[in-house]
Every structure is written in C-alpha cells, then in structure tokens.
Amino acid sequence: MAELNYTNISTATDLFGQAAEQISIMQPVPYQGSKRRIAQDIASWFPDKIRRFLEPFAGSAAMSLAMALRNSDIEIWINDINAPLIGIWHYILKDPKKISDQYEHLWTDQIGRERQFYNEIRNRFNKHHEPSDLLYLLARCVKASVRYNSKGEFNNSPDNRRRGARPEEMRRRIMLAHRILAERTIVTSLDYENVVEQYRAGDLLYMDPPYQGVSNGRDTRYYTSFSHKHFCTILDRLNNLDAMYAVSYDGRTGAKMYGEPMPADLKLFKVEICAGRSTQATLLGRNSLTYESLYLSPALAGITNSIPWAV
Ligand SMILES: C[S@@+](CC[C@H](N)C(=O)[O-])C[C@H]1O[C@@H](n2cnc3c(N)ncnc32)[C@H](O)[C@@H]1O
C-alpha cells in the first residue's frame, strides 16, 4: 500500500478512492472496542446518499471517520456520555493545535519517570477531567480501556511497555481527523436517547452500545449502566418511524457466541463482519476467527439489499 502523505491532504474529498481503510485505522483516540479495523467493512453496508450520520455511542468515533471519508457531503453527529472523551473530540474539531501541544508536553514530561508521572496525571484527571489528560491516559493505559471505579474515578493502570504514540504521530492523526471532520461535525455529551430522538428521515444512526458482558449491574467501565431491554424498546420505536439504523451487538469466536442476540421480533437483518483472529485465541494457539454481528434495521436492509456491491 502506498505511503500516505498527510501534508498533501487538504479535504476529505482528496482521500476518496485512496487508502480510506488505512486512514480509518490511524485514529487519534486509542480506545478499547474501537471499530477502526472493521469500519470500512461496516460502512460498506450503508448507502452513500444520507443526510446525516449519527453516532450516539461514539467512543473513538471510528465509524464517523469512516463515513466522512466515504462521503464529503454528509453531516456528522458524534456523541458519547463520557464528557471528557467528548472534550477530546471538541478540541480535535475546534483547536487541534492546542490538544496536540498539550499531549506533546505530557508525553515529553513523562520521560524518565513514566510510571510515577502516569499516576500524577491520573490523580489530576480525576480532579479536573481535562480532556488532554484523558488522551494521555488512554495512550498509556492497559488495552486503552476506559475504566472507572464505583466513585467514578478513572482507575486503569499504565501499560509499562508503552509510552503512548509519539507526539509527532499523535499530532498527524489529530490534524488528519480535524481535516476530515471539521466544518460538518457536531459533538455532544448526552445520553444516547437524546440523540436518537433527533432522528429525521434521510439520517443514518449507527449504534455500538456498551458490551453486554460488563454493562449490566454496577458498571465500572462507563459512567452509566445500560439496559438491553430499554434499548430494544427504542429500536422498536425507530422501526415504527422506518428509520435507517444499524447496531453492533453480539459476536462469536469460532463457534463460541458472546452477548445476547437481538430479539427476532425487531425483524433486523443480521450480517457478520470478520474481525480477524482474537488475541486470546492466538495466545491459546487456536485458529478461530472472530465475527462481529451487525444488525440492519428493516428500512436500511431494504435499501442495502438493492445495492449490488453490498451483497
Ligand atoms: C463499545 S463503546 C463504542 C466504541 C465505538 N464504536 C468506537 O469505535 O470506538 C460504547 C460507548 O458508549 C458510551 N456510552 C455508554 N452508555 C451510554 C449512554 N447511555 N449514552 C451515550 N453513550 C453511552 C461509552 O462511554 C462508550 O464510549
């Protein structure tokens, strides 16, 4: 694959047909569960002609970036309940230089005392919720995983083998995401229902809610717990509106299923996206591939099934 020249990229349109897949992977926000590696595969099930792309559980916003790369005309709405995470997106869109400089200072100041420095920044983040501190913590912590204790404090440990992306690499990624998304993206930190309520004809909603295995009961990964039952009620309401939406939910590694499948009465069209070999399977010397389920709403499946390239 050709080497990318970031400096020549002026608009998302310049990227069309080039290395969208590769660009999708180069994201500024490291995030466990990010769809970055399969974003283009998921996007291939979506029509190009949409008005707005709404991502209410955005995290690293992998799908918003992938959709923006495919279509230079669509408007994008990035939302996540985690306010400091959305703060990172706010800076990427509005002041990419500031957050790049802040990351560079943090990264440089850690040299020689990485472990202690991480703990200091984690304490500071838990007091002030500064987005640049969260970006540094995500770049350095184990599995780039956002974990909070019952008091709502970020409590993940550093991965002492990683210093985090080098500042010049982080700056490139931030600037690239800025060029792709700025001017046509809004960011909010709301409960997903507030975004779903704003659905209008011609929009496409992509929803990747918290992983079911850890989101019931007291949730230490996210600020809120997530109700599968209530989520299904919302999908039913969207069906009544003929809404175009897609949901990432359960999956399987080989024959082993994980997560609860979506109820049949929602009449969703299920496709499986190959996500490659799981780390766990590789460690155990197994060859099993992981497949993630993508559920298309009846209205979206009706359109997608008539597109020859999607089947
Ligand atoms: C599985 S992650 C999404 C990952 C994302 N698809 C990506 O590519 O990075 C789920 C996200 O939902 C957010 N979340 C959890 N509960 C939420 C809620 N009630 N409303 C909005 N966002 C929520 C979490 O903060 C988390 O970032």
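Residues numbered from 1 in each chain as written. Predicted model: local features only at pLDDT ≥ 70, side-chain atom pairs only at ≥ 80, totals over all residues.

1. Focus on the overall build of the protein
- A tally of regular secondary structure across the protein gives 13 helices and eight strands.
- When each of the 311 residues of the protein is scored for burial, the buried share is 38%.
- A fraction of 67% describes how many contacts in the protein between residues 6 or more apart in sequence connect residues 24 or more apart. (Helix = DSSP H or I, 4+ residues; strand = E, 2+ residues; numbered from the N terminus. Buried ≥ 20, exposed ≤ 12 C-beta atoms within 10 Å, placed from the backbone. Contact = placed C-beta atoms within 7 Å.)

2. Re the confidence of the model for the protein
- Confidence in the prediction for the protein averages 87 pLDDT; 82% of positions are at 70 or higher.
- Contacts of residues 214–222 to residues separated by more than four positions or lying in other chains number 21 contacts, the stretch itself having pLDDT below 50. (pLDDT = per-residue confidence, 0-100.)

3. What to know about the nonpolar core
- In this structure, Leu65, Ile88, Leu138, Tyr245, Ala246 and Leu296 are the most contacted members of the largest nonpolar core, which totals 72 residues.
- The dominant element in this core, judged by the number of residues it contributes, is helix H3 (residues 62–70), at seven residues.
- Every residue in contact with Leu138, bar those within four places of it in the chain, is listed here: Val29, Pro30, Tyr31 and Ala144. (Core = buried A, V, L, I, M, F, W, Y, C linked by C-beta atoms within 7 Å.)

4. Here we look at helix H11 (residues 228–240)
- When the terminal C-alpha atoms of H11 are compared, their 19 Å separation across 13 residues agrees well with the 18 Å that a helix rising 1.5 Å per residue should span.
- A positive phi of about 60° marks Asp242, the residue just after H11. (Expected span 1.5 Å × (residues − 1).)

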